[in-house]
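Structure at a glance
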Amino acid sequence: MWKDIQPAPPDSILGLTEEFKKDPNPEKVNLGVGVYKDDQGNTPVLRCVKRAEKELLETQQTKSYLPISGDPAYASAVQRLVLGADSEVISSKRAVTIHAPGGTGALRVGADLIHLFNKEASVWVSSPTWANHNGIFAAAGFGIKQYGYYDPQSKGLDFDAMYNDLQKIPAGDVVVLHACCHNPSGVDLNVEQWQQVAELAAKAGWIPFLDFAYQGFGDGIDEDRFAVEVFAAAGIDCYVASSFSKNFGLYNERTGAMTVITPSAEEAVVALSHLKTVVRTNYSNPPAHGGFIASMILNSPELSAMWLEELAEMRNRIRDMRKSLVAGLAAQGVDGDFSFIERQRGMFSFSGWSDDVVSQLRKTKSIYIVGGGRINLAGLTTSNIDAVCAAVAEAMKQ
Ligand code: LMR
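Right, let's walk through the structure included here.

A few points about the overall build of the protein chain
Across its full length, the protein chain holds 16 helices and 13 strands. Its C-alpha atoms give the protein chain a radius of gyration of 21 Å, near enough to 21 Å, the size a compact globule of 398 residues would have. Taking the principal axes of the C-alpha coordinates as reference, the protein chain spans close to 60 × 55 × 55 Å. When the 398 residues of the protein chain are sorted by exposure, 55% land in the buried category. Excluding contacts between residues fewer than 6 apart, the proportion of contacts in the protein chain whose partners are at least 24 apart in sequence is 75%. For the protein chain, the computed accessible surface area is about 17,700 Å², with 52% contributed by carbon and sulfur atoms.

Thoughts on the site of the ligand
The full set of residues close to the ligand is Ile13, Val33, Gly34, Trp130, Asn183, Tyr214, Lys246, Phe348 and Arg374. The separation between an oxygen atom of the ligand and a polar side-chain atom of tryptophan 130 is 3.0 Å. Look at the ligand: alone it shows 260 Å² of surface, and the protein chains cover 83% of it. Residue classes in the shell around the ligand are distributed as five nonpolar, two polar and two charged.

Side note on the packing of aromatic side chains
All told, the structure shown has 13 aromatic pairs when counted by the stated rule. Summarising the aromatic geometry, the rings of phenylalanine 20 and tyrosine 368 are spaced 5.3 Å apart at their centres and angled 90° between planes, so their arrangement reads as edge-to-face. Of the two residues, phenylalanine 20 is situated in helix 1 (residues 14-22) and tyrosine 368 in strand 12 (residues 367-368); the sequence distance between them amounts to 348 residues. Taking 5.3 Å as the distance between ring centres and 90° as the angle between the ring planes, the aromatic pair formed by phenylalanine 137 and phenylalanine 209 counts as edge-to-face. A residue pair is termed long-range when its members are at least 10 positions apart, and phenylalanine 137 in helix 6 (residues 131-139) and phenylalanine 209 in strand 8 (residues 207-212) qualify at 72 residues. We classify phenylalanine 137 as buried; its relative accessible area is 0%. Judged by relative accessible area, which is 0%, phenylalanine 209 ranks as buried. An aromatic cluster is present here, built from Tyr74, Phe244, Phe248 and Trp307 joined pairwise through their rings. In this arrangement the basic side chain of lysine 28 is found over the ring face of phenylalanine 20, its NZ or CZ atom lying 4.7 Å from the centre.

Points about helix 6
Residues of helix 6 that are buried: His133, Ile136 and Phe137. Viewed end-on, helix 6 has its buried residues packed into an arc of 90°, placing them on one side of the element. Buried residues in helix 6 make contact with helix 5 (102-117), strand 3 (122-127), strand 4 (143-148), strand 7 (174-178) and strand 8. Positive phi appears at glycine 141, one or two residues downstream of helix 6, with a value of about 110°.

Let's talk about the sheet that holds strand 3
The strand order 2-10-9-8-7-3-4 describes an open sheet built from seven strands, whose pairing is mixed. With partners counted over all chains shown, the strands left at the sheet margins are strand 2 (95-101) and strand 4, one partner each. Across the sheet, the axes of successive neighbouring strands diverge by a mean angle of 25°, strand direction being ignored. Relative to strand 10 (residues 255-261), strand 2 runs antiparallel, the two being bridged by seven bridges. Residue pairing in the sheet places threonine 97 in a bridge with threonine 259 of strand 10.

With respect to the environment of leucine 189
Turning to its location among the elements, leucine 189 is positioned in the loop between strand 7 and helix 8 (191-204). Distance from leucine 189 to leucine 157, taken between C-alpha atoms, is 7.3 Å for residues 32 residues apart in sequence. Among residues more than four places away in sequence, those in contact with leucine 189 are Tyr149, Leu157, Phe159, Met162, Trp194 and Val197.

Section: the packing of helix 2 (residues 47-59) against helix 12 (residues 289-298)
Direction vectors running N to C along helix 2 and helix 12 enclose 110°, while the axes themselves pass 9 Å from each other. Judged by the angle between their axes, helix 2 and helix 12 are roughly perpendicular. Taking contact as the criterion, the partners of Cys48, Val49, Ala52, Glu53, Glu55 and Leu56 in helix 2 are, on helix 12, His289, Phe292, Ile293, Met296 and Ile297. Taken together, the residues of the contact of helix 2 with helix 12 sort by class into eight nonpolar, one polar and two charged.

Quick notes on the state of the cysteines
If you walk through the whole model with that rule in mind, you get zero disulfides. No disulfide involves cysteine 180; its sulfur sits 3.8 Å from that of cysteine 181, the nearest cysteine. Overall, cysteine 181 belongs to the buried group, its relative accessible area being 2%.

Let's talk about the pairing of strand 4
Each regular strand carries side chains that alternate between the two faces of the sheet. As defined by bridge partners, strand 3 adjoins strand 4 across six bridges and the pair is classed as parallel. Pairing of serine 122 across the sheet is with glycine 143, part of strand 4. At this point the chain moves from strand 3, through helix 6, to the parallel strand 4, and the crossover so formed is right-handed.

The rules behind the values
Residues numbered from 1 in each chain as written. Predicted model: local features only at pLDDT ≥ 70, side-chain atom pairs only at ≥ 80, totals over all residues. Heavy atoms only, no water. Helix = DSSP H or I, 4+ residues; strand = E, 2+ residues; numbered from the N terminus. Rg over C-alpha atoms; globule rule 2.2 N^0.38 Å. Buried < 20%, exposed > 50% of the residue type's maximum accessible area, 1.4 Å probe, protein only. Contact = heavy atoms within 4.5 Å. Areas by Shrake-Rupley, 256 points an atom, 1.4 Å probe, with all protein chains shown as cover. Near = heavy atom within 4 Å. Polar contact = N/O pair within 3.5 Å; in protein donor to acceptor, adjacent residues only side chain to side chain. Nonpolar A, V, L, I, M, F, W, Y, C, P; charged D, E, K, R; others polar. Phe/Tyr/Trp six-rings, centres within 6.5 Å; stacked < 30°, edge-to-face > 60°. Lys NZ or Arg CZ within 6 Å of the ring centre and 35° of its normal. Arc of directions from axis to C-beta. Pairing = 2+ DSSP bridges. Axes fitted to C-alpha atoms, helices over the stretch in contact; angles between N-to-C directions. Parallel < 35°, antiparallel > 145°, perpendicular 65-115°, else oblique. Disulfide = S-S within 2.5 Å. Right-handed = clockwise from strand over helix to strand, strands pointing away.

Have a look at this one:
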């Protein structure tokens, strides 16, 4: 079967990690994949996760299947986290949440659900977006289109271009929005801009699909849910894909959630029934471990407090690295104003470095950056930042 078939290209992000692992250079630096690293370059298991795992090990009585939609305690903890504990959406029961295998799994379940009933819709993604958005929605059967977003001149948001494009999107099409910490650019909408976009969605009838993979990496858990709150308050259909890879550090436990918000409790019941069909025909029911850990933490005031502290540590370290990078590039005499790096939020920054610079950094210094120039700030440490800044200065002179 395979002899006349061309191999698929490596994944633009995870493929880079495979190359990085093979690189024998002891000074190598991975600024590619969106994985948090501490100042020692490790991706730690959070202390609150260790505590919850210990308790789980002692108390767990069975490894029997979870329900198709996952553990109900997890679903309600996720709703409180994503929507806010006092959300009207929760009290009126007009949202349903299922445990999905990671943020990617959540996006795919949501995409498959919409495709069941809306096969002709196009899915609109920001220009640029996380590369896998294109793959996920295309695999679910959708055509993909782009709306304006990033302005390479200002290194910020081109809100006029975005709004103009969103105005033209027909009812029933799906618009993928990054709820916070836009991947790859680190450029987000402000509060007023989110309000305008939510009003537009309600008026135009297109369906907002929020990718919420970085809750807590922008300004904090509560602050970062603003976009979700405005769409939820609009009383329209809305989809939210959560990932707990980054904020709980549960990368390899594939812990995420798909929340479907509908205008009424009756519609939410119908949505859940079809979500269950999508899951049952795909992976049957979710892997339990990560969801148990997240819900144990979210349901314990002590572990929650510990988690919020650890999350703040991660967020603040990344912010510090933004400052150090801007200062380090200036100290190396690199041409240009890099202050935009401090204004961008979350794990990533769109550096503006050309493909030549990116490939030279990799070839000569084993510094790995995703094509297009997205850098993961969490890959920088106080030990490697000087070398990275010097390498960038050298590459940009060529
Ligand atoms: C990233 O953008 O690097 C992360 O979300 C990891 C991934 O799956 O691509």
